[in-house]
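Inside the fold
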Amino acid sequence: MVRKPIKRFIALQLLFILIASTTYAQNAERIKLKHGSHREGKRTDSVMQKWRGNGLGQFIHWGLYAIPGGEWNGKQYNGAAEWIRSWNGIPKSAYDSLIYKFNPINFNADEWASIAKNMGAKYVTITTKHHDGFCLWPSKYTSYTVANSPWKKDIMKPLVDAYDKAGLDVILYFSIMDWNHPGWRYDIKTKADSIAFEGFKKFTRNQLIELLTMYPKAKGLWFDGTWDKSWVKQAKFADELEAEMRKLRPGLIIGSRFRADEYGKRHFDSNNVLMGDYEQGWERKLPNSIADVHGNDWDCVMTIPENQWGYNKAWKGHIKSSNELIEMTAKAVSLGGNFVLNFGPKGDGSIRDEEKKLASEIGDWMKVNSEAIYNCEYSGLEKQDWGYFTKKREKDKVYLIIFNTPVSGAYRVKLPAKTAIAKSYLLTNPNMDLRVEEVHSNEYFIYAKPTTEAKPFVIVLDTKKKENNGGNNYEKAKI
Ligand code: FHN
């Protein structure tokens, strides 16, 4: 029989082992990294605060691939239109010769900016150079640019100026992978690869510094084409280059797709800490719950068709409706992210009518309801089947963005303890209070009749501290 003091001793020892092993495990888990993340937690400066309040953005994929528009000699390419150069149905040299056809006579930067502005976008991300290597600016480091096309003129300058004039921030998309550059390699296996890639690294650095110098209004860089082994092996170079760019443009926003750490980990370093200012991994998909975004800033970039970024003549497959895109925007904001909708202008510089129509439908909705999108964040409230909650940053104002209208017209809301509803109303009719019924403690039905059920609508809840109601602290709950 084991006596009581011994039992206690064994228990204490077990506890000690548990604490010691947990502490050891925590320390052991942390790897010393030279080129991992350089910050934990979100950026708090005003530039980043503005970015995270944007809610809705526009993406533009435009380059030589817009000329064939997914079709070569009457044959349809099955992949994404901007990847057509990689199709063995086309000789690479024939694709590269498209530069001599780049003459977008219908290009109108102000029109593009006004389409984005009317849609309700607060910023735009534009391809300065996609994987094919063709530069929309007159780079002095390659001849494969607009300057040597029949168009001759810079495309980026009028775009940056037009969007800036329209009040939208500009982010420059840049593909590290460059199919046109002789030094580009998918991997570095030989001495010759290494020499070639060193030249490519210098070229990449020069182009990035050139872009930041030529377009100082740009607020950030959106990197792509960084997944190949050749680039993943450049932890030190990429880390130093990032530092150089940040020094040149304080406040510059760079996502998690630029560089890998010295162990080749991308997006999140070997200690699982986000690399860069926001998570860039949400491409054509949205997180399902707040747990999926690990407390980080993030954006979701989305195509209108299934997987077409550049212009594709064949507008086929599942093409998203404006309601579907509005719902994606609401979902993104409800989980603390930005939704960035892609447009693929045609080779002549015009934007296809289908995209213009969707942009204007989204814009019609945003004109009435954007209060529930801009400067909003995760509400902390349990999601309900009718749609999505968003919350105004720094305010006790919660929005219910309704996509599914129950027959009863009753919208369930569960609030944290010590929180009460001060006022509830339709965003379109702030003067009329909605009927609120408390069905359980801190659980309510809000009764509302939308003016039209065809479009999502918004109910606003002004919340306040409830007196003398035990339970969780409202301040802590931060709804
Ligand atoms: O390969 C590209 C693709 O063409 C497109 O540019 C998207 C946009 O996020 N990024 C790459 C795929 O991840």
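Within every chain, residues take consecutive numbers counted from 1 along the sequence as written. Where totals are concerned, whole chains, interfaces and linings use all residues; where local detail is concerned, this predicted model gives features only for residues with pLDDT of at least 70, and gives and counts side-chain atom pairs only at 80 or more. To obtain the side-chain values, all non-hydrogen atoms of the structure were used and water was disregarded.

Observations concerning the pattern of salt bridges
Quick note on the threshold: What counts as a salt bridge is simple: a side-chain nitrogen of Lys or Arg found within 4 Å of a carboxyl oxygen of Asp or Glu. Secondary structure counts use DSSP, requiring at least four H or I residues in a row for a helix and at least two E residues in a row for a strand, with both numbered from the N terminus. For each residue, the accessible area found with a 1.4 Å probe, counting protein chains only, is set against the maximum for its type, and the residue is called buried under 20%, exposed over 50%, and partly exposed in between.
A full pass over the atoms with the stated rule returns 36 salt bridges. The salt bridge involving D96 is made with R85; its shortest N-O contact spans 2.9 Å. On the criterion of sequence distance, the pair formed by D96 in helix α3 (residues 92–96) and R85 in the loop between β3 (75–76) and α3 is long-range, its members being eleven residues apart. Like D96, the residue R85 is buried in the burial classification. Of the charged contacts in the structure, one is a salt bridge between E438 and K466, with a shortest N-O distance of 3.6 Å. Residue E438 is located in strand β17 (residues 435–440), and its partner K466 is located in the loop between β19 (457–465) and α11 (474–477); the two are separated by 28 residues in the primary sequence. Within this structure, R39, R43, D45, D239, E242, R246, R259 and D277 form a network of salt bridges that share partners.

Digging into the side chain of Q207
Formally: Whether two residues are in contact is decided by their heavy atoms: any pair within 4.5 Å suffices.
The residue Q207 is located in helix α6 (residues 191–214) in this model. A relative accessible area of 0% places Q207 in the buried class. Beyond its immediate chain neighbours, meaning those up to four positions away, Q207 contacts K129, C135, W137, S139, Y141, T142 and F174.

Comments concerning the domain arrangement of the chain
Applied cut-off: Note that the domain bounds were set by an automatic or database domain assignment. Note on definitions: buried area is the accessible-area loss of two parts on being combined, 1.4 Å probe, summed for both.
We note that the domain assignment places domain 1 (37–372) and domain 2 (379–478) within the chain. Taken together, the contact between domain 1 and domain 2 spans 15 residues of the former and 16 residues of the latter. Both sides together, the interface formed by domain 1 and domain 2 hides about 1,500 Å², and carbon and sulfur atoms give 57% of it. The largest per-residue losses of area from domain 1 upon contact with domain 2 belong to W365, E371 and A372, which jointly make up 36% of the total buried on that side.

So, the site of the ligand
Note the cut-off: Near, as used in this document, describes a residue that has one of its heavy atoms within 4 Å of the molecule or strand being considered. Counting of polar contacts relies on pairs of N or O atoms within 3.5 Å, with two restrictions inside protein: one atom must be capable of donating a hydrogen and the other of accepting it, and residues adjacent in sequence are counted only when both atoms are side-chain atoms. Computed by Shrake-Rupley with a 1.4 Å probe, the accessible areas treat only the displayed protein chains as cover when residues are assessed. Any residue that is not Ala, Val, Leu, Ile, Met, Phe, Trp, Tyr, Cys, Pro, Asp, Glu, Lys or Arg is counted as polar, Gly included; the first ten are nonpolar and the last four charged.
Surveying the vicinity of the ligand reveals 13 residues, the closest of which are H61, E82, H130, H131 and D224. Interatomic distance of 2.6 Å between a side-chain N/O atom of H61 and an oxygen atom of the ligand. Within the complex, the protein chains bury 90% of what would otherwise be the 330 Å² of accessible surface of the ligand. In terms of residue class, the shell around the ligand is made up of six nonpolar, three polar and four charged.

Remarks on the nonpolar core
Convention followed: Grouping buried Ala, Val, Leu, Ile, Met, Phe, Trp, Tyr and Cys residues that are joined through side-chain atoms within 4.5 Å yields what is termed a nonpolar core.
Within the largest apolar cluster, 101 residues are counted, with the highest numbers of intra-cluster contacts made by Y163, M245 and F258. Per-element tally for this core: the top contributor is α6, with seven residues. Looking at which domains feed residues into this core, each of domain 1 (37–372) and domain 2 (379–478) gives three or more. Excluding residues within four positions of it along the chain, Y163 makes contact with Q58, I60, W112, A113, A116, V124, I126, L168 and V170. Counting residues in hydrophobic clusters, the runner-up holds 18 residues, among them V398, L426, I459 and L461.

As for the packing of helix α9 (residues 322–334) against helix α10 (residues 353–369)
Our working rule: Axis lines are fitted through C-alpha atoms, for helices just across the contact stretch, and the angle between N-to-C directions can take any value from 0 to 180 degrees. Should an angle fall under 35 degrees it is taken as roughly parallel, and over 145 as roughly antiparallel, whereas 65 to 115 is taken as roughly perpendicular and any remaining angle as oblique. Each crossing gets its hand from how the near helix is turned against the far one by less than a right angle, where anticlockwise is left-handed and clockwise is right-handed.
Running from N to C, α9 and α10 cross one another at 55°; their axes reach a closest spacing of 9 Å. In terms of orientation, α9 lies oblique with respect to α10. α10 is crossed by α9, and the crossing has right-handed handedness. Each of S322, L325 and I326 in α9 lies in contact with α10, whose residues at this interface are L358, E361, I362 and W365.

Observations concerning helix α8 (residues 235–248)
Using the following cut-off: Expected span of a helix, by definition, is 1.5 Å for each gap between consecutive residues, and there is one gap fewer than residues. To obtain the arc, one takes the directions from the helix axis to the C-beta atoms.
Between the first and last C-alpha of α8 there are 20 Å, a value that for 14 residues agrees with the 20 Å anticipated at 1.5 Å per step. Turning to α8, its buried residues are A235, A238, D239, L241, E242 and M245. Projected onto a plane normal to the axis of α8, the buried residues spread over an arc of 165° and lie on a single side. Looking at the buried side of α8, the elements it contacts are α6, β6 (220–224), α7 (229–232) and β7 (253–254).

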